[in-house]
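Each chain, written out:
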Amino acid sequence: MDDLSRDGLTQPISGECLPCYVARMLRTEGCDHTWRWASRFRELRSPDAAGMQRRLSRRGAACDCGIFVSELTLARHQLVRDLDTDELEQPAVAPDCSAVRRTSTHPCANWERIR
């Protein structure tokens, strides 16, 4: 089944930010080492954001999953503490998007830049 036949499943949710959308698509569809999901988001939500991929690439991302390797991580307030190790870690269930304006390609408050 291609993206067009599953259009409803691959649509951004109302108010969903680019990183939340890409993370959701990667959880269900995986990464093919292209800008498949980021490009789809831009096409559907922000077609005028021609520099989006260039901006992500400048920050070290080379594909969809690279966004979460070199640029963004869940914000500290979204992490959960492992009671055995006392370390902060990713939650088992991804948090709902904190929402952004419809045409934004920037992250919601759930994300922070990797330093």
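A.B. asks: Please clarify how the side chain of Glu16 should be interpreted in this entry.
C.D. replies: Along the chain, the position of Glu16 falls in the segment before helix 1 (18–29). Here the side chain of Glu16 touches Ile13 through a polar contact of 2.8 Å, landing on its backbone nitrogen. A polar side-chain atom of Glu16 sits 2.9 Å from a polar atom in the side chain of Arg24. Residues within four places of Glu16 in sequence aside, it is in contact with Gln11, Tyr21, Arg24, Phe41, Arg45, Cys97 and Val100.

A.B. asks: When you look at the packing of aromatic side chains in this model, what are you seeing that I'm missing?
C.D. replies: Any two aromatic rings considered together are summarised by their centre-to-centre distance and by the angle between their planes. By the definition in use, this model includes three aromatic pairs. Arranged with centres 6.4 Å apart and planes meeting at 75°, the rings of Tyr21 and Trp37 form a pair that is edge-to-face. Remark: Trp37 occurs in helix 2 (residues 36–45) and Tyr21 occurs in helix 1; sequence separation between them is 16 residues. We classify Trp37 as buried; its relative accessible area is 0%. Where Phe68 meets Trp111, the ring centres are 5.2 Å apart and the plane angle is 45°; that geometry is what we call tilted.

The rules behind these values
- Residues numbered from 1 in each chain as written.
- Predicted model: local features only at pLDDT ≥ 70, side-chain atom pairs only at ≥ 80, totals over all residues.
- Heavy atoms only, no water.
- Helix = DSSP H or I, 4+ residues; strand = E, 2+ residues; numbered from the N terminus.
- Polar contact = N/O pair within 3.5 Å; in protein donor to acceptor, adjacent residues only side chain to side chain.
- Contact = heavy atoms within 4.5 Å.
- Phe/Tyr/Trp six-rings, centres within 6.5 Å; stacked < 30°, edge-to-face > 60°.
- Buried < 20%, exposed > 50% of the residue type's maximum accessible area, 1.4 Å probe, protein only.

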